Amino acid sequence: MAQTTSGDLIFETGSRSPDFSGFRGGSRLTYPRNLVQPGLGLRWGVGAWELGAQLQGTGWRQHPGRARNEDFTLQPESTIRRNGFDSSNWSYRDSAYVISAGRNFADAHGRSSMTEYGAGLRVRWFPFDDQSREGLFAEAQLQYRYNKQYIYDAWQFIGAGNVIFYSPIGSGNTLTNVIWEYPLGPGYRFSSGPWRFETALLINNGFNRGRDFHLQRAITFHIKNGAGDGGILRGAIGYKIDESYRLEFVMEARRYFSTGELSSTGGLGSEAVLVAVAGPQRVWLSEKEFRTNLSLWARID
């Protein structure tokens, strides 16, 4: 199998209330996620149950696009709105951005490369068809994913007060991210001759942690206790070549929006003092992406 991914991972922190130094603002880091991942999978069906497992990864460093690092000030009228599901009014906000109406005083762009590896388990139950396993089904997954991004050839702009700076700064930062997800939801499968069609809508829940290291400032930001939700909308088309082989094409729109805690260590000069006395901050991590997967399945008797 070969999976392609197109989207972004966005990491934001900030507050409209001033901190102990009087600063009222935040930061946003945007990491592109445009990559190809080969992999292997296994499926096993018995009665009304279908079990699946898969492994996949980039296998080498890939270049998903250009990353961005923004620092901005916030005003009382700036907005901080959580993404995804809001149980207070039963709404869903499909945006990768939490903070808006900020004013940038620093903006850096750089090339990125990344590696990613993942593993997953999937269970399906077909309550109305325990022979051919078609019709309505319930699905549960457990997914693990590790990725690391490297930012280099970065250029930075700073415009604060009487200071204007624009220059290459070389290596920017690295982001290491780990996500555990457990999507749950219903689906439907039916066949017509050699063709098989499938659709599913899953509620995506998960936990995440990470580490964002800024080389120029010698600061490490630790992402802890991240928990979030989102959704996965999937459609699939399969073609039975013969009794032994089946070709399958899958499309997925995936969302994961989490809230966690951000703490920092390190720093240079006076910033090291600020880092030492600063408490934890709120952090939002959002992933919004589209996936396609082309796979060839072989029957093993």
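Look above for the structure.
Residues numbered from 1 in each chain as written. Predicted model: local features only at pLDDT ≥ 70, side-chain atom pairs only at ≥ 80, totals over all residues. Heavy atoms only, no water.

Caption draft 1: View of the overall build of the protein. For the protein, the count of helices and strands is 1 helix and 18 strands. Each principal axis of the C-alpha distribution contributes one length, and for the protein these read about 70 × 45 × 25 Å. For the protein, the share of sequence-separated contacts (at least 6 apart) that also reach a separation of at least 24 residues comes to 74%. Accessible area of the protein: about 15,600 Å², with a carbon and sulfur share of 60%. Here the protein carries 33 positive and 29 negative side-chain charges, and the mean point of each set is 3 Å from the other. (Helix = DSSP H or I, 4+ residues; strand = E, 2+ residues; numbered from the N terminus. Contact = heavy atoms within 4.5 Å. Areas by Shrake-Rupley, 256 points an atom, 1.4 Å probe, with all protein chains shown as cover. Lys, Arg positive; Asp, Glu negative; His and termini not counted. Charge placed at Lys NZ, Arg CZ, Asp CG, Glu CD.)

Caption draft 2: Region of the structure containing the pairing of strand β5 (residues 62-73). Relative to β5, strand β2 (residues 25-32) is paired through 6 bridges, and the arrangement is antiparallel. Within the sheet, the bridge partner assigned to Thr 30 lies in β5 and is Arg 68. One ladder, built from 10 bridges, connects β5 with strand β10 (residues 103-125); its direction is antiparallel. The partner of Glu 70 across the bridge, within β10, is Asp 107. (Pairing = 2+ DSSP bridges.)

Caption draft 3: Molecular detail of the pattern of salt bridges. Evaluation of the coordinates by the stated rule reveals 29 salt bridges. Note that Arg 145 is salt-bridged to Glu 287, the shortest N-O span being 2.7 Å. Here Glu 287 lies in strand β18 (residues 281-298) and Arg 145 lies in strand β11 (residues 135-160), a separation of 142 residues in the sequence. Arg 145 sits in the buried class, given a relative accessible area of 6%. (Salt bridge = Lys/Arg side-chain N within 4 Å of Asp/Glu carboxyl O. Buried < 20%, exposed > 50% of the residue type's maximum accessible area, 1.4 Å probe, protein only.)

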